[in-house]
Each structure stands twice: as structure tokens, then as C-alpha cells.
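Spelled out from the first residue to the last, the chains are:
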Amino acid sequence: MLYSDKILVSSVTTILQDITSNTNNAPPRKSEAVIIQKVYEYILNHLEEPLPTAKELSQMFGTNDFKLKDGFRHFFNTSI
């Protein structure tokens, strides 16, 4: 992992922790935030490979595709 990737992952981790500690608007549970972070790290670590579908990623990480898509919209303001 490149230094810049480590900084990015660290920043995302901090943002996710801040968001999950805020109870306004009922953000996803902390366990869901951890899954979203793990999916994000997986994507960063496999940039050279074709990205699995949202359904495949959700199965790989033990969630459903709705929660995965909703989590990416909530934490990153983008779709997966």
C-alpha cells in the first residue's frame, strides 16, 4: 500500500468514527460502518482487478447490497 493510500484510509477511518459517534439523523450502526470501511479498503487494495458487483461485495462482507449502497452514499456521498 502506498503512503498516500495509507493517509487516505486513515482519514476515512477518522471520518467514519466521527460520523458513527454522531446520533443525528440515525447514521448506520457502528458495525455497518466497519463493514463499509472494510469494503472500501478491499476496493483500494484491488484497484488492478475488475470490481465485483455490489451484490458480490455484500456477500463477501456479510451484508446486503442495500446496506452497502446506502452506507457508501452516507459516508462517501457517492454510489458504489
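Figured I'd write up the structure that's included with this text.

Definitions and limits used
Within every chain, residues take consecutive numbers counted from 1 along the sequence as written. It should be noted that, the model being predicted, local features are given only for residues of pLDDT at least 70 and side-chain atom pairs only at 80 or more, the latter also being counted only at that level, while totals for whole chains, interfaces and linings use all residues. Side-chain metrics in this entry use all non-hydrogen atoms of the structure; hydrogen atoms and water are not considered. Helix and strand definitions here come from DSSP, where helices need a minimum of 4 consecutive H or I residues and strands a minimum of 2 consecutive E residues; each element is numbered from the N-terminal end. Two residues qualify as a contact provided that any one of their heavy atoms is within 4.5 Å of a heavy atom in the partner residue. In this description, accessible areas are obtained by the Shrake-Rupley approach with a 1.4 Å probe, and a residue is regarded as covered only by the protein chains that are shown. The span one expects for a helix is its residue count, reduced by one, times 1.5 Å. Only protein chains enter the calculation, and the probe is 1.4 Å; a residue is then buried if its accessible area is under 20% of its type maximum, exposed if over 50%, and partly exposed in between. The arc in question is the one traced by the directions running from the helix axis out to the C-beta atoms. Any N or O atom pair separated by 3.5 Å or less is treated as a polar contact, with the protein-specific requirement of one donor-capable and one acceptor-capable atom, and with residues adjacent in sequence counted only for side-chain atom pairs. Definition of nonpolar core: a set of buried residues of the types Ala, Val, Leu, Ile, Met, Phe, Trp, Tyr and Cys, connected through side-chain atoms within 4.5 Å. Simply put, an axis is a line fit to the C-alpha atoms, just over the touching stretch for a helix, and the angle between two N-to-C directions goes from 0 to 180 degrees. These descriptions rest on fixed angle ranges, namely under 35 degrees for roughly parallel, over 145 for roughly antiparallel, 65 to 115 for roughly perpendicular, and the rest for oblique. When residues are sorted by character, Ala, Val, Leu, Ile, Met, Phe, Trp, Tyr, Cys and Pro go into the nonpolar class, Asp, Glu, Lys and Arg into the charged class, and all the rest, Gly among them, into the polar class.

As for the overall build of the protein chain
(1) Moving on: Regarding its fold elements, the protein chain presents four helices and zero strands.
(2) Moving on: Secondary structure of the protein chain in N-to-C order comes out as α-α-α-α.
(3) Moving on: Restricting the contact set of the protein chain to residue pairs at least 6 apart, pairs at least 24 apart contribute 52%.
(4) Moving on: Of the roughly 5500 Å² of accessible surface on the protein chain, 52% is carried by carbon and sulfur atoms.

Brief notes about helix α4 (residues 65-76)
(1) Moving on: Given a rise of 1.5 Å per residue, 12 residues ought to cover 16 Å, and the 16 Å separating the end C-alpha atoms of α4 matches this to within 8%.
(2) Moving on: Inspection of α4 places Leu68, Gly71, Phe72 and Phe75 among the buried residues, and these make up the whole buried set. Mapping the buried residues of α4 onto a view down its axis gives an arc of 100 degrees, with all of them on the same face.
(3) Moving on: A side-chain oxygen of the first residue of α4 lies 3.0 Å from the backbone nitrogen of phenylalanine 66; this N-cap is asparagine 64.
(4) Moving on: Positioned one or two residues after α4, asparagine 77 has a phi angle of 55 degrees, which is positive.

A few points about the side chain of serine 58
(1) Moving on: Position of serine 58 relative to the elements: it lies in helix α3 (residues 54-60).
(2) Moving on: Among the polar contacts made by the side chain of serine 58, one reaches the main-chain carbonyl oxygen of lysine 55 at a distance of 2.7 Å.

Overview of the nonpolar core
(1) Moving on: Within the largest apolar cluster, 14 residues are counted, with the highest numbers of intra-cluster contacts made by Ile36, Val39, Tyr40, Ile43, Leu57, Leu68 and Phe72.
(2) Moving on: Elements with a contribution of two residues or more to this core: α1 (3-21), α2 (30-45), α3 and α4.
(3) Moving on: Among the elements that make up this core, the one with the highest residue count is α2 (seven residues).
(4) Moving on: For leucine 57, the contacting residues outside a window of four places in its chain are Val39, Tyr42, Ile43, Leu51, Pro52, Leu68 and Ile80.

Focus on the environment of lysine 38
(1) Moving on: Here lysine 38 lies in helix α2.
(2) Moving on: Taking the C-alpha atoms as reference points, lysine 38 and phenylalanine 61, 23 residues apart in sequence, are found 8.0 Å from one another.

Focus: the packing of α2 against α4
(1) Moving on: Across the interface, α2 lies against α4 with an axial gap of 10 Å and an inter-helix angle of 85 degrees. Taken together, α2 and α4 sit at an angle that is classed as roughly perpendicular. Every residue of α4 that contacts α2 at Glu32, Ala33, Ile36, Val39, Tyr40 and Ile43 is listed here: Lys67, Leu68, Gly71, Phe72, Phe75 and Phe76.
(2) Moving on: Residues of the contact of α2 with α4, tallied by class, amount to nine nonpolar, one polar and two charged.

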